[in-house]
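Each chain, letter by letter, is given below.
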Amino acid sequence: MDKDKLLASLNLYRRLPASRLRQNVSALANLRPELQDEILRRVEQPLEVLTDEKNGLPYIKSEYNRDGDSYRSPHSNEYYPPIDKPLLPSPALREMEQKAMPLFREYVYLYYESALHSTYFWDKEDGGFACAILIKKEVDQSKGVKRGTWDSINVVDVTIDKSKQRVNYRITTTAMLSFVIENETAGEVTLAGTYTKQREDSDQYKELNDEFHLANIGKLLEETETQVRNYLEVVYLEKLKGLYSTQDLKMSPQKKQKEVGTLLPGMKNAMANSKQA
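Reference entry: report on the structure contained in this document.

Conventions and cut-offs
- Residues numbered from 1 in each chain as written.
- Predicted model: local features only at pLDDT ≥ 70, side-chain atom pairs only at ≥ 80, totals over all residues.
- Heavy atoms only, no water.
- Helix = DSSP H or I, 4+ residues; strand = E, 2+ residues; numbered from the N terminus.
- Buried < 20%, exposed > 50% of the residue type's maximum accessible area, 1.4 Å probe, protein only.
- Contact = heavy atoms within 4.5 Å.
- Areas by Shrake-Rupley, 256 points an atom, 1.4 Å probe, with all protein chains shown as cover.
- Core = buried A, V, L, I, M, F, W, Y, C linked by side-chain atoms within 4.5 Å.
- Expected span 1.5 Å × (residues − 1).
- Polar contact = N/O pair within 3.5 Å; in protein donor to acceptor, adjacent residues only side chain to side chain.
- Salt bridge = Lys/Arg side-chain N within 4 Å of Asp/Glu carboxyl O.

### Description of the overall build of the protein
When its secondary structure is counted, the protein shows six helices and 10 strands. Out of the 277 residues in the protein, the part that is buried amounts to 43%. In the protein, of all internal contacts separated by at least 6 residues, the share reaching a separation of at least 24 is 57%. Carbon and sulfur atoms make up 48% of the accessible area of the protein, which totals about 15,100 Å².

Right, here's the structure in full:
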């Protein structure tokens, strides 16, 4: 019965407005308090930012660094608020996490310019591991976009088959986009949505080390995020065209195209468009 209630709750969540994701999760948790932990584990929410009390550095709060009501900072490896017997990555995995942070920081700069990112690793019982690469970009007013937010949640599951000397990597990328456009024709309109894509790859190894894992994770991350960005760009371009088709039926096709073209640079900026494009 609880499984049926959980499925019903998740189905309801997918049909609620994407511009109110955090409120939707809170409402579902209040509606079914006995399912709160399961709902929080299964539903991606807009990312929030906390501050490491030890060094003052910002980090991203998520289910992937949570233990109870506390959240681990990747900078100090400490939970805030402090807790007894916290869940921590093994020393070897923490070392890989520390190597990963500057690598993905460079990736974020190349594709997002000004954005915050946090990387979290954790051990799995089967001898493998998993990691989450979280990216949050907020955009101020720019060319018709009043404000915008892009949250990218990338979870990589790593399974190691030592008998075949092969490693399997499975990534689940969820992008959450929300931006407000404003001009004389359309007024103020909020466009929001989410998109999730999964991909899988494997690689043979002779020597298994951190560099081998990080190279494969980075490659899979870049390819999957690029596909997600390209898909969402097409979707929201069509939404903008549809918006102008319904807002002003007397506007000429040429003027509609010009209006949409004016908004595109700001929209792409809100969608974390790559500097490499």
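### A few points about the nonpolar core
Note that soluble globular proteins tend to have their nonpolar side chains buried in a common cluster. Ranked by internal contacts, the top residues of the largest apolar core, which has 36 residues, are Phe121, Val156, Val158, Tyr169 and Ile217. Elements with a contribution of two residues or more to this core: α4 (91-112), β7 (129-139), β8 (145-161), β9 (166-183), β10 (187-204) and α5 (210-247). Dropping the residues within four chain positions of it, valine 158 is found in contact with Lys124, Gly128, Phe129, Val167, Asn168, Tyr169, His213 and Ile217. Judged by nonpolar contacts, the second largest core, of 11 residues, contains Ile60, Tyr80, Val155 and Met176.

### Quick look at α4
In this model α4 runs 31 Å from its N-terminal to its C-terminal C-alpha over 22 residues, within 8% of the 32 Å that 1.5 Å per residue would give. Residues of α4 that are buried: Leu93, Arg94, Met96, Glu97, Ala100, Met101, Phe104, Tyr107, Val108, Tyr111 and Tyr112. Following α4 by one or two positions, glutamate 113 adopts a phi angle in the positive range, close to 60°.

### Details of the side chain of lysine 136
Among the structural elements, lysine 136 can be located in strand β7. With residues near it in sequence (within four places) discarded, lysine 136 still touches Leu47, Val49, Ile60, Ala115, Leu116, Thr149, Trp150 and Asp151.

### Focus: unusual backbone geometry
Residues tyrosine 80 and proline 81 are joined by a peptide bond in cis, for which omega reads -5°. Mapped onto the secondary structure, proline 81 falls in the loop between β5 (79-80) and α4. The phi dihedral of asparagine 77 falls on the positive side, at around 65°, and the residue is not glycine. The phi angle at glutamine 165 is positive, at roughly 50°, despite the residue not being glycine. Mapped onto the elements of the fold, glutamine 165 is located in the loop between β8 and β9. Take glutamine 165: its relative accessible area is 36%, and that puts it in the partly exposed class.

### Brief notes about the environment of tyrosine 169
Relative to the elements of secondary structure, tyrosine 169 occurs in strand β9. Classification of tyrosine 169 as buried rests on a relative accessible area of 1%. Within polar-contact distance, the side chain of tyrosine 169 engages the side chain of histidine 213 at 2.9 Å.

### Some remarks on the pattern of salt bridges
Throughout the structure, instances matching the rule amount to 16 salt bridges. Of the charged contacts, one joins aspartate 157 and lysine 124 as a salt bridge, the two residues approaching to 3.0 Å between their closest N and O atoms. Of the two residues, aspartate 157 is situated in strand β8 and lysine 124 in the loop between β6 (116-123) and β7; the sequence distance between them amounts to 33 residues. By relative accessible area, which is 19% here, aspartate 157 ends up buried. Assessed through its relative accessible area of 19%, lysine 124 is described here as buried. For glutamate 223, the salt bridge is made with lysine 219, and the minimal N-O distance between the two is 3.3 Å. Here the residue glutamate 223 and the residue lysine 219 both occupy positions in helix α5, the gap between them amounting to four residues, near one helical turn. Note on lysine 219: relative accessible area 42%, which makes it partly exposed. One network of salt bridges, in which partners are shared, links Glu95, Lys99, Asp210 and Glu211.

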